[in-house]
Amino acid sequence: MHSVPGAGLAATIRLRRGEFALDVELRCPPGITCVMGPSGAGKSTILSVLAGLALPDAGRITLGDEVWLDRARGVDVPVHQRRLAFVLQGLALFPHMSALGNVAYGMPDVARRERRARAQALLDRVGVGHLARRRPRTYSGGEAQRVALARALARAPRLMLLDEPFSALDRALRAQLAALVHELVDELGIPLIHVTHSVAEARLLADQVIRIERGAVVASGPAAAVLASAATLEE
Amino acid sequence: MLGSIDWAPLALSLRVASLATVVTLVIGTALALLLTWRKLPARHLIDAVISAPLVLPPTVLGYYLLVLLGRDRAIGRAWEAVFGAPIVFTFTGAVIAASVGSLPLVVRSIRLGIESVEPDLIAAARTLGARPARVVATIVLPLAAPGLVAGAMLGFARALGDYGATQMLAGARIGGTPTASIFVMDQLLANHDDQVFAMSLATTIVGVAMLYFANRLTHRLRRA
């Protein structure tokens, strides 16, 4: 497992919603952590809590020395103040804005001209500079993923969250995007949490794997080891 | 025949309805946003009160407004002290009467538009660092535009046609001129059939033209 220097994520999350209960402890160093498990295991809920879109009953989230959540002490940093990037499953590109507008959205405090230049540079970086003036409904699946990644990077995030963003793509495109994600994470030196239920995708991406079932961690560790045991379970 | 028609009532009605549309769009957008906020206390009660003008007879609505805004009432007196003119039996009164009748239609329509915005887009904007006010201004309202246009259209149509509440609050004449709908009734009672016909036709043309252009605009916004 290769490691990247930088601030790691540590989180304990406890939450109960009717029948569903989640009780997990996560440690994600800089690099790519794949969170795997069957649907309904609580993977997406974990991302919502980390992003600040959902509030757990108890828990604590720290990124390096920043405390984002500490329910015992009443700390709950609002979503818009957590420096993170969240690529949602449906990507959620803003349909009424161009690619440039989408990417620039995350940099409101930067002067207009500088903002556009930076957005263009990010689009170029992920290989879709030519889409700058076009709106999302004209993009192919792979192009939309790349624009979403560029938008996520615009905030100079300290944590990246990806919720099965590649599930609709074919194998070749997935491999290309996985390579891109790897490069970006190495450049930024931040933890990236990638939710997936595909072992193949985890093999492509993960440095570390956490397996979740019914709201609890059942295995975690270096990708090779956890995936080997997962393969024997599934095959 | 058209030369002898008095068009002042139609002009007055268009002025009243236009102003009422602006007023209801501003207030209606604020109320619609408030009502889509799930944590709002007594949400359903507030919703019911805003919607009340839909189920009240317009004369009853006008009566309430008269009681609430009259020259001897707190609001009416405060208004008169600030603006130097009363609300009742004035142009302002006509705009308020038309606005209150339109408001529930406008709020409903805008609310549908707001609720049709995908929650993931709002979540994405928040994770990109947008405060709630910015999310509303840059994501929610632009994407709810078809609902706003539809609301403006319904509100204008309702305001243009108001009769009962306007009669109660603003009277039958505003600066000597009746609104178009009151004019039609007056002329009918006076057996001026050509006047009734011309004004009816004119308001119909204005109303249908409004609907046509608003529909086209909504369609274009939906495709964009």
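All values reported here derive from a predicted model rather than from experimental measurement.

Parameters at a glance
- Residues numbered from 1 in each chain as written.
- Chains lettered and ligands numbered in written order.
- Predicted model: local features only at pLDDT ≥ 70, side-chain atom pairs only at ≥ 80, totals over all residues.
- Helix = DSSP H or I, 4+ residues; strand = E, 2+ residues; numbered from the N terminus.
- Rg over C-alpha atoms; globule rule 2.2 N^0.38 Å.
- Contact = placed C-beta atoms within 7 Å.
- Core = buried A, V, L, I, M, F, W, Y, C linked by C-beta atoms within 7 Å.
- Buried ≥ 20, exposed ≤ 12 C-beta atoms within 10 Å, placed from the backbone.
- Domains from an automatic or database assignment.
- Nonpolar A, V, L, I, M, F, W, Y, C, P; charged D, E, K, R; others polar.
- Axes fitted to C-alpha atoms, helices over the stretch in contact; angles between N-to-C directions.
- Parallel < 35°, antiparallel > 145°, perpendicular 65-115°, else oblique.
- Expected span 1.5 Å × (residues − 1).
- Arc of directions from axis to C-beta.
- Left-handed = near helix turned anticlockwise from the far one by under 90°.

1. Observations regarding the overall build of chain A
Okay, so step 1: Secondary structure assignment for chain A yields seven helices and eleven strands.
Okay, so step 2: Relative to the globule expectation of 18 Å for 235 residues, the C-alpha radius of gyration of chain A, 18 Å, shows essentially globular dimensions.
Okay, so step 3: Summarising its shape, the C-alpha atoms of chain A cover approximately 45 × 45 × 35 Å along the three principal directions.
Okay, so step 4: If you take every contact in chain A between residues at least 6 apart in sequence, the share linking residues at least 24 apart comes to 69%.

2. Description of the interface of chain B and chain A
Where interface size is quoted, it is often the accessible area lost as the parts come together.
Okay, so step 1: Between chain B and chain A, the contact holds 14 residues from the first and 14 residues from the second.
Okay, so step 2: If you list the elements that add at least two residues to the side of chain B that touches chain A, you get helix H6 (119–127) and helix H7 (132–143) of chain B.
Okay, so step 3: Per-element tally for the side of chain B that touches chain A: the top contributor is H6(B), with six residues.

3. Comments concerning the nonpolar core
Okay, so step 1: Among the nonpolar cores identified, the biggest contains 124 residues, and Leu161(A) and Leu65(B) are the most heavily contacted of them.
Okay, so step 2: A total of twelve residues in this core trace back to one element, the largest contributor, which is helix H5 (residues 91–115) of chain B.
Okay, so step 3: Each of domain 1 (1–83 + 159–235) and domain 2 (93–156) of chain A accounts for three or more of the residues forming this core.
Okay, so step 4: Beyond its immediate stretch of four places on either side in the chain, Leu65(B) contacts Ile96(B), Ala97(B), Val100(B), Ala165(B), Met168(B) and Leu169(B).
Okay, so step 5: Within the second largest apolar cluster, seven residues are counted, among which are Ala180(B), Phe183(B), Val184(B) and Ala198(B).

4. Some details on the domain arrangement of chain A
All names here are of chain A.
Okay, so step 1: What the domain assignment lists for chain A is domain 1 (1–83 + 159–235) and domain 2 (93–156).
Okay, so step 2: One C-alpha centre belongs to domain 1, the other to domain 2; they are set 24 Å apart.
Okay, so step 3: Across the boundary between the two partners, domain 1 contributes ten residues, which contact nine residues of domain 2.
Okay, so step 4: When residues of the side of domain 1 that touches domain 2 are assigned to their parent elements, the largest contribution, four residues, is made by helix H5 (residues 171–188).
Okay, so step 5: Partitioning the side of domain 1 that touches domain 2 into residue classes produces nine nonpolar, no polar and one charged.

5. A word on the environment of Leu149(A)
Residues and elements named next belong to chain A.
Okay, so step 1: With respect to the helices and strands, the residue Leu149 is situated in helix H4 (residues 141–153).
Okay, so step 2: The class for Leu149 is buried, based on 26 C-beta atoms found within 10 Å.
Okay, so step 3: Expressed as a C-alpha distance, the spacing of Leu149 and Ala58, which sit 91 residues apart in the sequence, is 31 Å.
Okay, so step 4: Sequence-distant contacts of Leu149, defined by excluding residues within four places in its chain, comprise Val87, Val126 and Leu180.

6. Some remarks on unusual backbone geometry
Residue and element names in this part refer to chain A.
Okay, so step 1: Even without a glycine there, the phi angle at Leu91 is positive, about 70°.
Okay, so step 2: Located in the positive-phi region is Ala156, a residue other than glycine, with phi close to 50°.
Okay, so step 3: Among the secondary structure elements, Ala156 is positioned in the loop between H4 and strand S8 (159–163).
Okay, so step 4: Note on Ala156: 12 C-beta atoms within 10 Å, which makes it exposed.

7. Some remarks on the packing of H4(A) against H5(A)
All names here are of chain A.
Okay, so step 1: With their axes 11 Å apart at the nearest point, H4 and H5 run at an angle of 10° to one another. In terms of their interaxial angle, H4 and H5 are classed as roughly parallel. Counted together, Gly142, Gln145, Leu149 and Leu153 of H4 and Leu173, Leu177, Leu180 and Leu184 of H5 form the full contact between these two elements.

8. Re helix H3 (residues 112–125) of chain A
Residue and element names in this part refer to chain A.
Okay, so step 1: The first and last C-alpha atoms of H3 sit 20 Å apart over 14 residues, in line with the 20 Å expected at 1.5 Å per residue.
Okay, so step 2: Where H3 is concerned, the buried positions are Ala119, Leu122 and Leu123. Take H3 and look down its axis: the buried residues cluster within an arc of 100°, on one side only. Relative to its buried face, H3 has exposed residues pointing more than 90 degrees away, namely Arg113, Glu114 and Ala121.
Okay, so step 3: Each element contacted by the buried residues of H3 is listed here: helix H2 (99–104) and H4.
Okay, so step 4: Remark: Gly127 follows H3 within two positions and exhibits a positive phi of approximately 85°.

9. A few points about the packing of helix H2 (residues 43–55) of chain B against H5(B)
Residue and element names in this part refer to chain B.
Okay, so step 1: Packing of H2 against H5 leaves a shortest axis separation of 8 Å and a crossing angle of 120°. Both H2 and H5 take part in a crossing whose hand is left-handed. From H2, Ile50, Ser51, Pro53 and Leu54 reach across to H5, where they touch Val100, Gly101, Leu103, Pro104 and Val107.
Okay, so step 2: Within the contact of H2 with H5, the residues separate by chemical class into seven nonpolar, two polar and no charged.

10. Thoughts on the environment of Ile110(B)
Okay, so step 1: Summarising the element assignment, Ile110(B) is placed in helix H5.
Okay, so step 2: Judged by the 30 C-beta atoms lying within 10 Å of it, Ile110(B) is buried.

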